[in-house]
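# Close look at the chain arrangement
In case you want the letters, here they are:
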Amino acid sequence: MQALHWQQALNEAFTNLDELLSYLKLEPSQFDPAQQSAEQGCSSVAGAGCTGATIKQFGLRVPRGFAARMSKGDPRDPLLLQVLPQAIELRQQQGFNANPVGDLEAQVTPGVLHKYHGRALIIATGACAVHCRYCFRRHYPYAGGMASPRQWNRLLDYLRADPSINEVILSGGDPLMVNDAKLATWLEQLSKIPQLRRLRLHTRLPVVLPERITPELLALLNDSPLQSVVVIHANHPNELSGPVISALAGLKETNSLLLNQTVLLRGINDAAETLASLSEGLFAAGVLPYYLHLLDRVTGAAHFEVAEARTQAIYRQLLARLPGYLVPKLVRESAGELSKRPVSV
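Numbering of residues begins from 1 in every chain and follows the order in which that chain's sequence is written. In keeping with the model being predicted, local features are shown solely for residues with a pLDDT of at least 70 and side-chain atom pairs are shown and tallied solely at 80 or more, while totals for entire chains, interfaces and linings include all residues. Values shown for side chains rest on all heavy atoms present in the structure; no hydrogens or waters enter the calculation.

## Observations concerning the nonpolar core
- The biggest cluster of nonpolar side chains holds 79 residues, and the ones touching the most others in it are Val62, Met70, Leu159 and Leu190.
- Beyond its immediate sequence surroundings of up to four residues, leucine 190 is in contact with Ile122, Leu156, Leu159, Val168, Leu196, Leu199 and Leu226. Within this scheme, the nonpolar core is defined by two criteria: the residues are buried Ala, Val, Leu, Ile, Met, Phe, Trp, Tyr or Cys, and they are joined through side-chain atoms within 4.5 Å. Exposed residues in this analysis have more than 50% of their type's maximum accessible area, buried residues have under 20%, and partly exposed residues fall in between, with area computed by a 1.4 Å probe over protein chains only. The contact rule is simple, with two residues in contact once any of their heavy atoms fall within 4.5 Å.

Here you go:
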């Protein structure tokens, strides 16, 4: 059977909550009404009420291949909970805001965030194949935060003018939502900047839409003179399906360094056994566990936050269970700091 083209797979993603729940053999009544109601008076997950307002604020998108890894009939499935719109997202929580890691202050020219010494981040696109409800850029103003085609040369000029920048990070959204032709042009232009040595891709697509890892994309990475680092994002061992493992194997063959970032999420992966299984699965697929992020405190995501005492207990258990090279660094990113900050346990 011919593999589904990645753009077709993307177009067939679930964008309607009722359709997703029907596919998973779930009913709105299976979800906790108290969790959905709060001050807004909502009584269901689906339908027009507050969840409709939540989806309007930050739309639903779930690739069918990712949904296929969810347990049907299970309203607490850890993959479902990452993407399930909930009315509780509309509740205001102290300490949570729309710009939790200071991205807006770090923009130095349209499309470029420059926070840390030696590396700059390019907002390649505002699009992503999946809408994770805890996303720290769910409120990012992409319309004014990306370089237009006319501004792209200004972006390149900024990178050329700073000899300290030796690494460029393509982020978003998800940079692999950009087509191969445009990526090829960008990689060629970046490779001509003398001081650049590394290209880093921050992407969730190998996990949620493994069809994107095409022979053409692999050839682009393989042919680039820049050393490539691909940082994927997986939060739970159930995300590592056969197609995902095959996609990662393809990336590994390009001589790219493969790393993973995980976000610690309440009710999803806040258990040492789950995180240990994820690390083992990643390493078997050729990916090194890199960071375990504390939740970025973005508006709408407070229900995912894990208490500090529980976080420390989980991490101590993880240290006891795994060899050091399989334990991701526990970190928090805070606005205005010169690096991600290790969290002591």
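## A look at the sheet that holds strand 9 (residues 329-332)
- Strands are labelled as partners when DSSP assigns at least two bridges between them. We count a stretch as a helix when DSSP gives it H or I for four or more residues in a row; a strand needs E for two or more, and each element gets its number in order from the N terminus. In space, the 10 strands of this open sheet follow the order 1-2-3-4-5-6-7-8-9-10, with mixed pairing throughout. What marks the edges here is a single partner per strand, and that holds for strand 1 (107-109) and strand 10 (341-342).
- Sheet topology places strand 4 (residues 167-171) next to strand 5 (residues 198-202); 4 bridges connect them, and they run parallel. Directly across from valine 168, in strand 5, lies its bridge partner leucine 199.

## Remarks on the side chain of glutamine 82
- Summarising the element assignment, glutamine 82 is placed in helix 6 (residues 80-83).
- We classify glutamine 82 as buried; its relative accessible area is 0%.
- When residues no more than four places from it in sequence are discounted, the contact partners of glutamine 82 are His131, Cys132, Arg133, Tyr134, Arg204, Asn235, His236, Glu239, Leu265 and Ile268.

## Notes on the pattern of salt bridges
- Salt bridges, as used here, are contacts in which a Lys or Arg side-chain nitrogen is within 4 Å of a carboxyl oxygen on Asp or Glu. Counted according to the given criterion, the structure contains 15 salt bridges.
- Between arginine 204 and glutamate 239 there is a salt bridge whose closest N-O contact spans 2.9 Å. Of the two residues, arginine 204 sits in the loop between strand 5 and helix 11 (205-208) while glutamate 239 sits in the loop between strand 6 (227-233) and helix 13 (242-252), which places them 35 residues apart along the sequence. Of the two residues examined, arginine 204 and glutamate 239, each falls in the buried class.
- When the shortest N-O distance is used, the salt bridge between aspartate 270 and arginine 310 registers 3.5 Å. Placement of the pair is aspartate 270 in the loop between strand 7 (257-263) and helix 14 (272-284) and arginine 310 in helix 15 (residues 308-321), with a sequence separation of 40 residues.
- In this structure arginine 310 comes out as partly exposed when scored by relative accessible area, which is 41%.
- Connected through salt bridges with shared partners, the residues Asp103, Lys115, Arg137, Glu333 and Lys340 form a single ionic network.

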